[in-house]
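Chain residues, written in single-letter form:
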Amino acid sequence: MQFGIFSVSDITRDPVTSDTPSEAERIDAIVKIAQRTEEVGMDVFAIGEHHNPPFFSSAPTTLLAYIAATTKRLIVTTSTTLITTNDPVRIAEEYAMLQHLSKGRMDLMLGRGNTAPVYPWFGQDIRQGLPLALENYNLLYRLWREDVVDWQGKFRAPLQGFTSIPRPLDDVPPFVWHGSIRSPEIAEQAAYYGDGFFANNIFWPKEHYMRLIRFYRQRFAHYGHGAENMAIVGLGGQAYIARNSQDAKREFRPYFSEAPVYGHGPSMEDFMELTPLSVGSPQEVIDKTLTFREHFGDYQRQLFLVDHAGLPLNTVLDQLELLGGEVIPTLRKEMTARQDPQTPDAPTHASLVRAKYGDQAPRQPRPNANRGDNVTGSSPYQDSAPEFAARYPAP
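Residues numbered from 1 in each chain as written. Predicted model: local features only at pLDDT ≥ 70, side-chain atom pairs only at ≥ 80, totals over all residues. Heavy atoms only, no water.

Novice: Help me out: how do you make sense of the overall build of the chain in this one?
Specialist: A tally of helices and strands in the chain yields 12 helices and 13 strands. Taken over C-alpha atoms, the radius of gyration comes to 22 Å for the chain, in line with the 21 Å a tight globule of 395 residues would show. Seen along its three principal axes, the alpha-carbon backbone of the chain occupies a region of about 75 × 45 × 40 Å. Looking at the 395 residues of the chain, the share that counts as buried comes to 52%. Taking the contacts inside the chain whose residues are at least 6 apart along the sequence as the reference set, 69% of them involve residues at least 24 apart. Roughly 17,600 Å² of accessible area belongs to the chain as shown, and the carbon and sulfur atoms make up 52% of that amount. The chain carries 38 positive and 47 negative side-chain charges, and their two centres are separated by 3 Å. (Helix = DSSP H or I, 4+ residues; strand = E, 2+ residues; numbered from the N terminus. Rg over C-alpha atoms; globule rule 2.2 N^0.38 Å. Buried < 20%, exposed > 50% of the residue type's maximum accessible area, 1.4 Å probe, protein only. Contact = heavy atoms within 4.5 Å. Areas by Shrake-Rupley, 256 points an atom, 1.4 Å probe, with all protein chains shown as cover. Lys, Arg positive; Asp, Glu negative; His and termini not counted. Charge placed at Lys NZ, Arg CZ, Asp CG, Glu CD.)

Put into structure tokens, the structure is as follows:
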């Protein structure tokens, strides 16, 4: 079971001090948050992708590469990478490079995002959001598994004899989670490819996510990837922790009440009752998080949102100390004791390499002699299979 932190990278006014951090302050803060995530014993740090204020994470691979370079064991990932408005060729290249630089300590979550104007900014039509997600991932999937790709689709220029570089580390593609708030089509996509499914699990009642996860598990088994309990599931969650429940509610209430995403709506108590939000003592957060398994079955990754709504950096770092020091150790113990022993672990680069190669050394792609711009002819790699030869039409 992996535990970690995910951030949406918002820059929000602190309702207590009325201060709004600068972009520079928030970027510095998120690096400190990621580093502390590792220091307190958690496994994963995830950052979202946005291209508009009041967010800052427009280049998640750059940010995650820096974080990976300043940590030793932390898995860096996204929450999410926009599969609809990013060119899948660039996703293939950038995340393969991140995989190399992090020595495999990465994966990524793909999704459509929740900012409608981002589609025209990148030349796409939001009404084509689902077809874009499906087609773009089909291409990305192939780019990471085939040395030479011929491809034609609806939403981008065709490719002929194209090689995405660098090839994935050890010729093993990064593990992919498909993130969804509401779309069964994305759960279907995750199941079809045998990938992971990440349920946001923040704003909506548990019954909504129960339906999505049940559907994903059923379709995972339908496509022959294993029994329903072998599917790979991740969950989000929100927490604010203090030594006692009264202090937690008193401290978090002004942030909840003014938060752009849920302020001025239901009371904090109603929101806690209806959604996964936990505000209370370490034991209360433990108890509520343990109910996730009762609702969704055994799962592999639990991420918490703790740095949103204008919470200052020192408060967030205190939250991480309580999570890592008191909450996560108990959750690890309790979930291990309760889960089906056949539940698979969360995939890692090392486990994916073992699954592909067993005891054999992994492939290390080596280019043929440099041909400059003249790339016709055989595959660009010395050991490519014959079917991956690059063939171009005669001029």
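Next comes the rest of the description.
Novice: Help me out: how do you make sense of the packing of aromatic side chains in this one?
Specialist: Any two aromatic rings considered together are summarised by their centre-to-centre distance and by the angle between their planes. Considering all chains together, one arrives at 12 aromatic pairs under this definition. Consider the rings of Phe175 and Trp177, whose centres lie 5.4 Å apart with planes at 85 degrees: the pair is edge-to-face. Taking relative accessible area as the criterion, Phe175 reaches 9% and is therefore assigned buried. Of the residues examined, Trp177 reaches a relative accessible area of 1% and is grouped as buried. Aromatic pair Tyr192 and Tyr223: ring centres 5.1 Å apart, planes at 80 degrees, arrangement edge-to-face. Here the residue Tyr192 occupies a position in helix H6 (residues 184–193), and Tyr223 occupies one in the loop between helix H7 (206–222) and strand E10 (233–235), the gap between them amounting to 31 residues. Looking at Tyr223, the relative accessible area reads 29%, which means it is partly exposed. Three or more aromatic residues joined by ring pairs form one cluster here, namely Tyr137, Tyr141, Tyr192, Tyr193 and Tyr223. Its guanidinium or amino end placed over the ring of Tyr141, Arg145 lies 3.6 Å from that ring's centre, counting from NZ or CZ. For Arg363, the ring lying beneath its charged end belongs to Tyr381, and the centroid distance is 5.9 Å. (Phe/Tyr/Trp six-rings, centres within 6.5 Å; stacked < 30°, edge-to-face > 60°. Lys NZ or Arg CZ within 6 Å of the ring centre and 35° of its normal.)

Novice: What is the right way to read the pattern of salt bridges from this model?
Specialist: For side chains bearing opposite charge, pairing can occur when the charged atoms are close. If you walk through the whole model with that rule in mind, you get 24 salt bridges. Residues Arg36 and Glu321 are paired through a salt bridge, measuring 3.1 Å at the closest nitrogen-oxygen approach. In this pair, Arg36 sits in helix H1 (residues 23–39) while Glu321 sits in helix H11 (residues 313–338), placing the two residues 285 residues apart along the sequence. Accessibility expressed as a relative area gives 23% for Arg36, which makes it partly exposed. Judged by relative accessible area, which is 39%, Glu321 ranks as partly exposed. Taking the shortest distance from any N to any O, the salt bridge between Glu146 and Arg142 comes out at 3.0 Å. Here Arg142 falls in the partly exposed class, since its relative accessible area comes to 23%. Residues participating in the shared-partner salt-bridge network are Asp147, Arg167, Asp171, Lys356, Arg363 and Asp383. (Salt bridge = Lys/Arg side-chain N within 4 Å of Asp/Glu carboxyl O.)

Novice: Explanation requested: unusual backbone geometry in the structure shown.
Specialist: With an omega of 25 degrees, the peptide bond running from Ser79 to Thr80 counts as cis. Structurally, Thr80 is set in the loop between strand E3 (75–78) and strand E4 (81–82). Here the bond from Ile165 into Pro166 is cis, since omega is -10 degrees, no more than 30 degrees from zero. Structurally, Pro166 can be placed in the loop between strand E7 (159–162) and strand E8 (176–180). Unusually for a residue other than glycine, Ser18 sits at a positive phi of about 65 degrees.

Novice: It is not clear to me how helix H5 (residues 129–143) should be interpreted in this structure. Could you clarify?
Specialist: Helical geometry note: an α-helix holds 3.6 residues per turn, so side chains three or four residues apart project in the same direction. The end-to-end C-alpha separation of H5 is 21 Å, in line with the 21 Å expected for 15 residues at 1.5 Å each. Here H5 has its buried residues at Gly129, Leu132, Ala133, Glu135, Asn136, Tyr137, Leu139, Leu140 and Leu143. (Expected span 1.5 Å × (residues − 1).)

Novice: Mind showing me how you'd approach the pairing of strand E9 (residues 196–199) here?
Specialist: In regular strands, side chains alternate between the two faces of the sheet. With burial as the criterion, each face of E9 is covered, one bearing Gly196 and Phe198 and the other bearing Phe197 and Ala199. Pairing geometry for E8 and E9, over four bridges, is parallel. Looking at E9, one finds that Gly179 is bridged to Phe198. With three bridges connecting them, E9 and E10 associate as parallel partners. Looking at E10, one finds that Phe198 is bridged to Gly234. For the crossover that starts at E9, traverses H7 and ends in the parallel E10, the hand is right-handed. (Pairing = 2+ DSSP bridges. Right-handed = clockwise from strand over helix to strand, strands pointing away.)

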